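Fold and geometry: a report
Below, each chain spelled out in residue letters.
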Amino acid sequence: MKTLKIVGLIIAIVVALFLIVAALAPKTFHVERKIVIHAPAATVFDELNSFQKWALWSPWVLADTTIKNIYTGPEQGVGNKVSWTGKMGPGSQEIKESVTPKYISTSLALNNFKPFEGRYCLVTVDSGTEVTWAANGSMGYPRNIFTLFLDKMMAPDFEKALGNLKIHVESMPAWKLGEYKIEELEPRAILSVLDSCPAAEIGKKLGSLYGEIGGVMAKNKGQFIGPVMAYYYSYSPEKVVLEAAVPSTKEIKGEGRVKGKTTVKTKVLGVTFHGDYQFIQQ
């Protein structure tokens, strides 16, 4: 009987200590790790902005052979969502914010835990892209006692994930083409400039023309919408006749050789180029 009383007293003391520590522990947590990946920010961002691509490098997916992923929403960006079941339990993650190629915010829900935020920030540095992976969340009393240990618990997985991402991205080809698609472009207001240059100077010429168009657009309080465009009317190594164009939020008359016009509805053959702009001529 005396032994039972001692055991009961020890249990009571342990529970009391647990509750006291929980009362003093923070109710929020922040875990963060960084790595530098030797690749352009756009390339790294593309691998983070779609959960379908995480299966190629995520340590949680690679370690669980029983995992079953269900993808919903768009294939990338805001609304892209993955839900899963596996030996680690059910969960889901959804992209809530996506700013190309700088920032992604997600909501991560795990079984029996309050959803928390995942943040992925990309900053261009001399040697490539610095990726900061962070988790932010909160826990109610008395479970918040675990906030004291979450950094040590989660950091190894963060470091492994970043390491896998680095290996995956750095082993990718410098550039690749996506799927060819026939698309229909609706009429849109544009500002454009017709000019010519040697084929070797196309990139330099287009950069200059887009800057010229941007000056006229800013003067007329217009804004860029969508990707810039270029029309090619004739081509030879010595001379390329081209027209640089920029979609605008509104119709602008133009100024000098910068002309304002509205395109017609048309079908185009499109393909997505993934990689640094310097490789586009290849």
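So, a few notes on the structure that sits alongside this text. (Residues numbered from 1 in each chain as written. Predicted model: local features only at pLDDT ≥ 70, side-chain atom pairs only at ≥ 80, totals over all residues. Heavy atoms only, no water.)

Looking now at the environment of Asn 69. With respect to the secondary-structure elements, Asn 69 resides in strand E2 (residues 68-72). Judged by its relative accessible area of 26%, Asn 69 is partly exposed. Along the backbone, Asn 69 and Ala 55 are 14 residues apart, and their C-alpha atoms lie at a distance of 9.2 Å. A polar atom in the side chain of Asn 69 sits 3.4 Å from the side chain of Tyr 71. (Helix = DSSP H or I, 4+ residues; strand = E, 2+ residues; numbered from the N terminus. Buried < 20%, exposed > 50% of the residue type's maximum accessible area, 1.4 Å probe, protein only. Polar contact = N/O pair within 3.5 Å; in protein donor to acceptor, adjacent residues only side chain to side chain.)

Another point: the sheet that holds strand E13 (residues 254-255). Strand-to-strand pairing in sheets goes through backbone hydrogen bonds, with the strands running parallel or antiparallel. If you trace the five strands from one edge of the open sheet to the other, you get E11-E12-E10-E14-E13, paired in antiparallel fashion. Each end of this open sheet is capped by a strand with a single partner; those strands are strand E11 (229-235) and E13. Set on the sheet, helix H6 (residues 202-219) makes contact with strand E10 (189-197), E11, strand E12 (240-247), E13 and strand E14 (258-262); between it and E12 the angle comes to about 35°. (Pairing = 2+ DSSP bridges. Contact = heavy atoms within 4.5 Å. Axes fitted to C-alpha atoms, helices over the stretch in contact; angles between N-to-C directions.)

This part is about the pattern of salt bridges. All chains considered together, the criterion is met by 13 salt bridges. A salt bridge links Glu 117 to Arg 119, with the shortest nitrogen-to-oxygen separation between them at 2.9 Å. Through salt bridges with shared partners, one network takes in Asp 195, Lys 205, Glu 212 and Arg 257. (Salt bridge = Lys/Arg side-chain N within 4 Å of Asp/Glu carboxyl O.)

For H6, spanning 18 residues, the distance from its first C-alpha to its last is 26 Å, which sits close to the expected 26 Å at 1.5 Å a residue. Inspection of H6 places Ile 202, Leu 206, Leu 209, Tyr 210, Ile 213, Gly 214, Val 216 and Met 217 among the buried residues, and these make up the whole buried set. Burial along H6 is one-sided: seen end-on, the buried residues are contained in an arc of 165°. The outward face of H6, more than 90 degrees from its buried face, is lined by the exposed residues Lys 204, Ala 218 and Lys 219. Along its buried surface, H6 packs onto E10, E11, E12, E13 and E14. (Expected span 1.5 Å × (residues − 1). Arc of directions from axis to C-beta.)

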